[in-house]
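# Residue-level structural notes
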Amino acid sequence: MTLPCSSSPSRGCVYQIEDLAKDYDGGRIQALRSVNLTIHEGDFVSILGRSGCGKSTLLQMLGTLEEPSRGSFSYRGSAVDGNFDSCAYRSRDIGFIFQSFHLLPTFTALENVLMPMLATRTTQRERMGRATELLHAVGLGERLNHMPSKLSGGERQRVAIARSLANQPRVLLADEPTGNLDSESGNDVMELLSRIHREQGLTVLVVTHDPVVAAFTRREIRMKDGMVVSDTVRGGSGL
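### A closer look at the confidence of the model for the chain
- For the chain, per-residue confidence averages 92 on the pLDDT scale, and residues scoring 70 or more make up 93% of the total.
- Low pLDDT, under 50, characterises residues 5-10; the predicted model gives this stretch 13 contacts beyond four residues in sequence or across chains.

See below:
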């Protein structure tokens, strides 16, 4: 089944990142050091590196879950600063996917996907229809009323992916989406993200320590010690 589509604007600059830095512990820990990047509309990007290299910190910055110590970045030409509406940005423009799924354990798969839509101006019927459609699209049409505890790790991540698409975001930010999965389930999740990118034209950023996961993407950014050390565009399944 084809995933329900969101609007796909013409290709342009999504993120412009300039000298972005993040310090902790009074400056003794430098998680990011002068990162400069441009992310374009429709990019399918992996940010690859070992634990502690700064890749998750960078993703959290782009999701406005962390504030930079120095430097700046913009989202579609708007500076992400004190005047930027981060709440609206996170609820409307961004879909988050986490390593530990972050599903609500006392709610069914369907209810978890419904949650982000409760604050939108949609009817209950519209919300139910979209949540059901998304779960069917990620292969969980027979699991709508299952609690997370009754789902496998791969199935829980599929619910999380469906939830990330609930409000028709323009960008998906995935932090180690295969980190808690076996290799087969991890490949299935990356195939699904590849399909979402291909069918919807969303901008997708995937943080990972695994080169096998990174190989699914069209562009690979490698990080080490808080810095970008390479940025490679290639062909492959991300196209």
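Moving on from the coordinates now.
### A closer look at the sheet that holds strand β6 (residues 94-98)
- With respect to topology, six strands assemble into an open sheet ordered β6-β7-β8-β3-β9-β10, the strand pairing being mixed. Where the open sheet ends on each side, the last strands, each with one partner, are β6 and β10 (227-233). Put simply, the sheet's adjacent strands are angled 15° from each other on average, direction ignored.
- Across six bridges, strand β9 (residues 219-224) lies against β10 in antiparallel orientation. For E220, the partnering residue across the bridge sits in β10 and is T232.
- The sheet strands contacting helix α5 (residues 153-164) are β6 and β7 (171-175), and the helix crosses β6 at an angle near 165°.

### What about the pairing of β7?
- Of all five residues that make up β7, five are buried, and the element is covered over most of its length.
- Burial along β7 is two-sided: the face carrying V171, L173 and D175 and the face carrying L172 and A174 are both buried.
- Pairing geometry for β6 and β7, over five bridges, is parallel. Opposite I97, over in β7, you have A174 as the bridge partner.
- Pairing of β7 with strand β8 (residues 203-208), which is carried by five bridges, proceeds in the parallel orientation. Across the sheet, residue V171 finds its bridge partner in β8, namely T203.

### Observations regarding the packing of α5 against helix α6 (residues 183-200)
- Relative to each other, α5 and α6 sit at 20°, their axes nearing to 9 Å. By the criterion of interaxial angle, the relationship of α5 to α6 is roughly parallel. Along this stretch, α5 crosses α6, giving a crossing that reads as right-handed. Between α5, through G154, Q157, R158 and I161, and α6, the contact on the second element is made entirely by S185, D188, V189, L192, L193 and I196.

### Points about the pairing of strand β2 (residues 29-40)
- Here eight bridges tie strand β1 (residues 13-24) to β2, and the two strands are oriented antiparallel to one another. Bridge assignment links C13 to a residue of β2, and that residue is H40.
- The turn linking β1 back onto β2 is made up of four residues, and D25 within it adopts a positive phi angle of 55°.

### Observations concerning the pattern of salt bridges
- Applying the stated criterion across every chain yields a total of twelve salt bridges.
- A salt bridge links E199 to R195, with the shortest nitrogen-to-oxygen separation between them at 3.8 Å. Of the two residues, E199 and R195 both sit in helix α6, four residues apart, roughly one turn of that helix.
- By relative accessible area, E199 is classed as partly exposed at 28%.
- Taking relative accessible area as the criterion, R195 reaches 18% and is therefore assigned buried.
- One salt bridge in this structure joins D231 and R219, with 2.7 Å as the shortest N-O distance. Placement of the pair is D231 in strand β10 and R219 in strand β9, with a sequence separation of twelve residues.
- Residue classification places D231 among the partly exposed residues on the basis of a relative accessible area of 37%.
- If you follow the salt bridges from partner to partner, you end up with D43, R219 and D231 in one network.

### Considering α6
- The end-to-end C-alpha distance of α6 is 25 Å, a good match for the 26 Å that 18 residues give at a rise of 1.5 Å each.
- Of the residues one or two after α6, G201 is the one with positive phi, at around 70°.

### Some details on the packing of aromatic side chains
- Following the criterion strictly, the structure yields five aromatic pairs and no others.
- Aromatic pair F84 and Y89: ring centres 5.2 Å apart, planes at 70°, arrangement edge-to-face.
- Judged by its relative accessible area of 16%, F84 is buried.
- Given a relative accessible area of 3%, Y89 falls into the buried group.

What counts and how
- Residues numbered from 1 in each chain as written.
- Predicted model: local features only at pLDDT ≥ 70, side-chain atom pairs only at ≥ 80, totals over all residues.
- Heavy atoms only, no water.
- pLDDT = per-residue confidence, 0-100.
- Contact = heavy atoms within 4.5 Å.
- Pairing = 2+ DSSP bridges.
- Helix = DSSP H or I, 4+ residues; strand = E, 2+ residues; numbered from the N terminus.
- Axes fitted to C-alpha atoms, helices over the stretch in contact; angles between N-to-C directions.
- Buried < 20%, exposed > 50% of the residue type's maximum accessible area, 1.4 Å probe, protein only.
- Parallel < 35°, antiparallel > 145°, perpendicular 65-115°, else oblique.
- Left-handed = near helix turned anticlockwise from the far one by under 90°.
- Salt bridge = Lys/Arg side-chain N within 4 Å of Asp/Glu carboxyl O.
- Expected span 1.5 Å × (residues − 1).
- Phe/Tyr/Trp six-rings, centres within 6.5 Å; stacked < 30°, edge-to-face > 60°.

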